[in-house]
Amino acid sequence: VGMFLNGDPVTPEFTVGAAATPTILQKGGRFARKINFAVDLEDLFNNDRNYKPLNKINFGAEVEQYLWWIASARLGAGFKGGYWTAGVGLSLLKALHIEAASWAEEAGYYTGQTENRFYALNIALGV
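All figures in this text were calculated on a predicted structure; none of them were measured in a lab.

Cut-offs applied
Residues numbered from 1 in each chain as written. Predicted model: local features only at pLDDT ≥ 70, side-chain atom pairs only at ≥ 80, totals over all residues. Heavy atoms only, no water. Patch = residues over 30% accessible without salt bridge, like charges linked within 9 Å, V, L, I, M, F, W, Y side chains within 5 Å. Areas by Shrake-Rupley, 256 points an atom, 1.4 Å probe, with all protein chains shown as cover. Salt bridge = Lys/Arg side-chain N within 4 Å of Asp/Glu carboxyl O. Helix = DSSP H or I, 4+ residues; strand = E, 2+ residues; numbered from the N terminus. Buried < 20%, exposed > 50% of the residue type's maximum accessible area, 1.4 Å probe, protein only. Pairing = 2+ DSSP bridges. Phe/Tyr/Trp six-rings, centres within 6.5 Å; stacked < 30°, edge-to-face > 60°. Lys NZ or Arg CZ within 6 Å of the ring centre and 35° of its normal.

## Some remarks on a nonpolar patch on the surface
Right, so step 1: A cluster of nonpolar residues, Phe31, Leu67, Trp68, Trp69, Ile70, Leu90, Leu92, Leu93, Ile98, Leu121 and Ile123, forms a patch on the protein surface that exposes about 1,100 Å² of accessible area.
Right, so step 2: Of all the elements in the fold, those that place two or more residues in the nonpolar patch are strand E7 (83–92) and strand E9 (115–125).
Right, so step 3: In this structure Ile123 comes out as exposed when scored by relative accessible area, which is 56%.

Shown next as structure tokens:
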């Protein structure tokens, strides 16, 4: 706050958010399960692309299911700035991890004008 770059004021990046894991949706034991919910308002002070506050809302949910110590699987979905996001993950024997995800960012002047979609795949071996 109060910084200048080449004589122009620098807009600070300000993001607020919250996450919750309701205990009523959790389960312990050999087949443990956990469900998470999250929401945030991203870069609230920046208006470079004439963004409105609703365009800056990101939210989603994730469920993680365990099969004793053998495997765990994750499935998540949500919205980032008006575009859908999704991800899946699988871990076997806590050594092999496979994850895939997709999300988008706005490449145009306003939300919904030009979608710039990303896809990612990650395969890792190790504990």
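Next comes the rest of the description.
## A closer look at the pairing of strand E5 (residues 57–67)
Right, so step 1: In this structure, strand E4 (residues 33–41) lies alongside E5, joined through nine bridges in antiparallel fashion. Within E5, the position partnered with Asn36 by the bridge is Glu62.
Right, so step 2: Two strands pair when backbone bridges link them, and E5 and strand E6 (residues 71–80) are joined in this way by 10 bridges, in the antiparallel orientation. Counterpart to Asn58 in the pairing with E6 is Lys80.
Right, so step 3: Counted along the chain from E5 to the antiparallel partner E6, the turn is three residues long, and its residue Trp68 has a positive phi close to 55°.

## What about the pattern of salt bridges?
Opposite charge on two side chains permits them to pair, given that their charged atoms come into close proximity.
Right, so step 1: Applying the stated criterion across every chain, the model contains four salt bridges.
Right, so step 2: Across the pair Lys80 and Glu42 runs a salt bridge whose closest N-O atoms are separated by 3.7 Å. Taken as a pair, Lys80 in strand E6 and Glu42 in the loop between E4 and E5 lie far apart in primary sequence, 38 residues in all.
Right, so step 3: With a relative accessible area of 26%, Lys80 lands in the partly exposed category.
Right, so step 4: For Glu42, a relative accessible area of 30% corresponds to the partly exposed category.
Right, so step 5: Where Glu64 meets Arg74, a salt bridge forms, and the shortest distance between an N and an O atom there is 3.9 Å. Taken together, the positions of Glu64 in strand E5 and Arg74 in strand E6 put the pair 10 residues apart, joining distant regions of the chain.
Right, so step 6: Owing to a relative accessible area of 11%, Glu64 belongs among the buried residues under this scheme.

## What to know about the packing of aromatic side chains
Right, so step 1: The final tally for this structure, using the stated rule, is four aromatic pairs.
Right, so step 2: Taking 5.5 Å as the distance between ring centres and 15° as the angle between the ring planes, the aromatic pair formed by Trp103 and Phe118 counts as stacked. With Trp103 in strand E8 (residues 96–106) and Phe118 in strand E9, this residue pair connects regions lying 15 residues apart in the sequence.
Right, so step 3: Overall, the relative accessible area of 29% leaves Phe118 in the partly exposed class.
Right, so step 4: Here the basic side chain of Arg30 rests over the ring of Trp68, its NZ or CZ set 4.8 Å away from the ring centre.
Right, so step 5: Sitting over the face of the ring of Trp84, Arg117 holds its NZ or CZ atom 3.8 Å from the ring centroid.

These values are about where atoms sit, not about what they do.
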